[in-house]
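Take a look at the letters that make up each chain.
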Amino acid sequence: SSAGSSVSEEEGEDRTGIWRRRRLLDGSLNRVPPGFYTKMWTLLEKCQGLMVLGQPLPQSLTQEMTSGEMKFHLECEALLTTVTQPDFRQLVVEAILVLIMIVENNVVPYLGGMLVVENIVHTANTIFLEDQAQMRSDNHMCCVQEKGSCNGAGGICVLFYDSAPSGTYGTISYLVRSACRVLDSVPNEGEIDCNQM
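Residues numbered from 1 in each chain as written. Predicted model: local features only at pLDDT ≥ 70, side-chain atom pairs only at ≥ 80, totals over all residues. Heavy atoms only, no water.

Engineer: An account of helix α6 (residues 86-104) is requested, with residue identities and associated values reported.
Structural biologist: One turn of an α-helix holds 3.6 residues; hence residues three or four places apart share an orientation. Spanning 19 residues, α6 covers 27 Å between terminal C-alpha atoms, matching the ideal 27 Å at 1.5 Å per step. Most of α6 is tucked away: 16 of the 19 residues are buried. Within two residues after α6, N106 carries a phi angle of roughly 50°, on the positive side. (Helix = DSSP H or I, 4+ residues; strand = E, 2+ residues; numbered from the N terminus. Expected span 1.5 Å × (residues − 1). Buried < 20%, exposed > 50% of the residue type's maximum accessible area, 1.4 Å probe, protein only.)

As structure tokens, this is what we get:
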């Protein structure tokens, strides 16, 4: 039985860092999901704009350009490249995906003013750390005791970067919870049909 436990421990060690490496790679290559920029155009129709690290992407672009226009896609890419840390950039992409899902599933008719995307990411990290503190898991205490102590890019816990996107404790789950906290237009209480999202 000890041979079986050492194999599972080795598997666990091999998996440590896999999602962080994936985010670093995707962020370094500026990878986004298919149709991402076109969906950002639809998102911009439902708010006054997006802001990342002080760089705005105003709603007025939807009046000046079409969703499939290369110039619009380049504007979106320029917004994302303001984030110099590739792993943080990828979390910003995931946060924008959550906003897109909110719009596509008509959770609310309008998202409101200028949406500061990094606030959603930072709040998701805070919720993640709150959950880790409640679970009192020793191997997840790096940033629980002193925020930013693990030196993750953008002040985000390295363990949050290394979380899979899906699942109860996945980054998307935390980003959805964060969007509910940060955006005044998304309800904090009540039921949202997450089966559609």
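Once you've had a look at it, read on.
Engineer: Can you lay out the sheet that holds strand β3 (residues 112-116) for me, pointing to particular residues and giving the numbers?
Structural biologist: Sheets are built from strands that pair by backbone hydrogen bonding, the pairs being arranged parallel or antiparallel. Spatial ordering of the open sheet is given by β2-β1-β3, a layout of three strands whose pairing is mixed. The open sheet has two edge strands, β2 (55-58) and β3, and neither has a second partner. Averaged over all neighbouring strand pairs, the angle between strand axes comes to 20°, with direction disregarded. Bridge analysis of strand β1 (residues 47-52) against β3 gives four bridges, and the strand direction is parallel. Looking at β3, one finds that C47 is bridged to G112. Relative to β2, helix α5 (residues 70-80) is tilted by about 155°, and along the sheet it contacts β1 and β2. (Pairing = 2+ DSSP bridges. Axes fitted to C-alpha atoms, helices over the stretch in contact; angles between N-to-C directions. Contact = heavy atoms within 4.5 Å.)

Engineer: Requested: an account of the environment of I96, with residues and values cited.
Structural biologist: Mapped onto the secondary structure, I96 falls in helix α6. Along the primary structure I96 and I120 are separated by 24 residues, whereas in three dimensions their C-alpha atoms are 9.2 Å apart. Dropping the residues within four chain positions of it, I96 is found in contact with F36, M40, L43, L50, L80 and V117.

Engineer: Explain the nonpolar core to me, using residue names and the numbers behind them.
Structural biologist: M40, L50, V92, I96 and L111 are the most contacted members of the largest nonpolar core, which has 51 residues in total. Of all the elements in the fold, those that place two or more residues in this core are α3 (36-44), β1, α5, α6, α7 (117-135), α9 (158-161) and α10 (171-182). Tallying contributions element by element places α6 first for this core, with 12 residues. Among residues more than four places away in sequence, those in contact with M40 are L50, L57, F72, C76, L79, I96 and I100. (Core = buried A, V, L, I, M, F, W, Y, C linked by side-chain atoms within 4.5 Å.)

Engineer: Account for the pairing of β2, naming residues and giving values.
Structural biologist: Sheet faces and side chains relate simply in a regular strand, where the side chains alternate between the two faces. Inspection of the sheet shows β1 paired to β2 by four bridges, in the antiparallel sense. Residue pairing across strands places M51 opposite P56, the latter belonging to β2. As consecutive antiparallel partners, β1 and β2 are separated by two residues, and within that stretch L53 has a phi angle of approximately 50°, a positive value.

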